[in-house]
Amino acid sequence: MSTRVEPVSAPLLAERVVELVLGGGAAPGAPVRLLVDGHPSTHPEALADAVVAPLEAAGRPVARVRVDDFLRPRSLRLEHGREDPDSLLHGWIDVAALNREVLTRVAERGEYLPSLRDPATDRATRATYLPAAPGTVVVLDGALAIGRGLDVDRAVHLALKPATLRRRTPTDEEWGIPAYERYAREIEGVPDLLVRVDHPDHPALVHA
């Protein structure tokens, strides 16, 4: 299958993501749950932050949430050691909690928990539930999160070539490279929007 690569500016990329959310055909008043996913060096949080204001300007309330605030306890994440790629790929995100407290809850109960556990201290954040108005867009950012069972409606992946991935990974995190390489193969064709970001200042949309 041939693909077409479309260079875009950062503002235009944010605009395209907003179009993806607003043009999804959701029922009136239904929430839309958007996941922006990518290796930490691609800064998915920056793109997630960039779509908040345009979505609000379009009349959609936004709930901004981070996957990193819903990781499993450190004792469970590291039960097979501190440098286990399989655990990083499949065992770090608390999928059940993120669905229960945010992604499913916003649709069923009109509320969400903004955070569960501080990734630095590994302690509960003691956050309280926040109301989610009809039509709320949950904007979630994270890494290795597509295809993990998260209850999302739209997914954007910021992709890197293998050589770029290796170049951008700090030496003390190189043990995780096999997880990211395997993940890239596993999610091929899954994201609603695929963005090449090997050159951070020159993102490019990939069209199948």
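Up top is the structure these notes are about.
These figures come from a predicted structure and were not determined experimentally. (Residues numbered from 1 in each chain as written. Predicted model: local features only at pLDDT ≥ 70, side-chain atom pairs only at ≥ 80, totals over all residues. Heavy atoms only, no water.)

Regarding the packing of aromatic side chains
The geometry of an aromatic ring pair is captured by two quantities: the separation of the ring centres and the angle between the planes.
So, step 1. Using the criterion set out here, one finds one aromatic pair in the structure.
So, step 2. With a centroid separation of 6.4 Å and 45° between ring planes, the pair formed by Trp-92 and Trp-175 is classed as tilted. Taken together, the residues Trp-92 in the loop between helix 5 (85-90) and helix 6 (95-103) and Trp-175 in the loop between helix 8 (162-168) and helix 9 (177-186) connect sequence positions 83 residues apart. For the pair Trp-92 and Trp-175, a shared accessibility class is recorded, and that class is buried.
So, step 3. In this structure, Arg-77 is placed above the aromatic ring of Trp-92, and the distance from its NZ or CZ to the ring centre is 5.2 Å. (Phe/Tyr/Trp six-rings, centres within 6.5 Å; stacked < 30°, edge-to-face > 60°. Helix = DSSP H or I, 4+ residues; strand = E, 2+ residues; numbered from the N terminus. Buried < 20%, exposed > 50% of the residue type's maximum accessible area, 1.4 Å probe, protein only. Lys NZ or Arg CZ within 6 Å of the ring centre and 35° of its normal.)

Notes on the sheet that holds strand 6 (residues 137-142)
So, step 1. The strand order across the open sheet built from seven strands is 1-9-8-7-2-6-3, with neighbouring strands paired in mixed fashion. Two strands close off the open sheet at either side, each with one partner strand: strand 1 (4-7) and strand 3 (62-66). The sheet shows a mean angle of 20° between the axes of neighbouring strands, taken without regard to direction.
So, step 2. Across four bridges, the pairing between strand 7 (residues 154-159) and strand 8 (residues 193-196) is parallel. Within strand 8, the residue paired with Val-156 across the bridge is Leu-193.
So, step 3. The sheet contacts of helix 6 involve strand 2 (32-38), strand 3 and strand 6, and relative to strand 6 the element is tilted by about 155°. (Pairing = 2+ DSSP bridges. Axes fitted to C-alpha atoms, helices over the stretch in contact; angles between N-to-C directions. Contact = heavy atoms within 4.5 Å.)

Comments concerning the pattern of salt bridges
So, step 1. Under the counting rule described, the total for this entry stands at 14 salt bridges.
So, step 2. Residue Arg-16 is joined to Glu-6 by a salt bridge in which the shortest nitrogen-to-oxygen separation is 2.8 Å. Within this pair, whereas Arg-16 is found in helix 1 (residues 10-22), its partner Glu-6 is found in strand 1, the two being separated by ten residues in sequence.
So, step 3. By relative accessible area, Glu-6 is classed as buried at 16%.
So, step 4. Between Asp-141 and Arg-64 there is a salt bridge, with its nearest N and O atoms 2.8 Å apart. Residue Asp-141 is located in strand 6, and its partner Arg-64 is located in strand 3; the two are separated by 77 residues in the primary sequence.
So, step 5. Since its relative accessible area comes to 7%, Asp-141 is described here as buried.
So, step 6. One network of salt bridges, in which partners are shared, links Asp-86, Arg-148, Arg-182 and Glu-186. (Salt bridge = Lys/Arg side-chain N within 4 Å of Asp/Glu carboxyl O.)

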